Amino acid sequence: MPNAKKGRVTVALHPICHRAIHANFTNAELARMGEDREALLAREPVARFVAWVGDKPPDFRAPTRRPR
């Protein structure tokens, strides 16, 4: 759950993954999902991103774009 929605659980997340999640979900949506990884991956753009980034090295950096 996002800090803006009184979230208390902290999960280590790579910066580009964090940006990709926030490019596809509002804080309210993330708060409703809680820690449900499958709910995140159910959104097709996130699933495509995870498949794409999965073979990149840990220090990989790339810009993410917000949907228009």
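Residues numbered from 1 in each chain as written. Predicted model: local features only at pLDDT ≥ 70, side-chain atom pairs only at ≥ 80, totals over all residues. Heavy atoms only, no water.

**Q** Would you mind going over the packing of aromatic side chains in detail, with residue names and values included?
**A** For the structure shown, the criterion picks out two aromatic pairs. Taken together, a centroid distance of 6.0 Å and an interplanar angle of 45° make the contact between F49 and W52 tilted. Taken together, the residues span about one helical turn, with F49 and W52 both in helix α4 (residues 44–53) at a distance of three residues. What makes F49 buried here is its relative accessible area of 15%. Look at W52 and F60: their rings are 5.5 Å apart centre to centre, the planes differ by 70°, and that puts the pair in the edge-to-face class. Overall, W52 belongs to the partly exposed group, its relative accessible area being 41%. Through a chain of ring-to-ring contacts, the aromatic side chains of F49, W52 and F60 assemble into a single cluster. Stacked on the ring of F60, the Lys or Arg K56 has its end atom at 5.8 Å from the ring centre. (Phe/Tyr/Trp six-rings, centres within 6.5 Å; stacked < 30°, edge-to-face > 60°. Helix = DSSP H or I, 4+ residues; strand = E, 2+ residues; numbered from the N terminus. Buried < 20%, exposed > 50% of the residue type's maximum accessible area, 1.4 Å probe, protein only. Lys NZ or Arg CZ within 6 Å of the ring centre and 35° of its normal.)

**Q** Please provide a residue-by-residue account of the confidence of the model for the chain, values included.
**A** Looking at the chain as a whole, its pLDDT mean stands at 81, while 78% of the residues score no less than 70. Here helix α1 (residues 15–24) is the element of the chain with the lowest mean pLDDT, 87, and α4 is the one with the highest, 92. (pLDDT = per-residue confidence, 0-100.)

**Q** Tell me about α4, and name the residues and values.
**A** Taken together, the buried positions of α4 are occupied by V46, F49 and V53. The arc that holds the buried residues of α4, viewed along the axis, is 60°, so those residues lie on one side. Turned more than 90 degrees away from the buried face of α4 sit R48 and A51, all of them exposed. Contacts from the buried residues of α4 go to α1 and α3 (37–41). (Arc of directions from axis to C-beta. Contact = heavy atoms within 4.5 Å.)

**Q** Kindly report on the environment of A39, identifying the contributing residues and their values.
**A** Looking at the element boundaries, A39 is found in helix α3. In this structure, A39 is in contact with F25 and M33, ignoring residues within four places of it in sequence.

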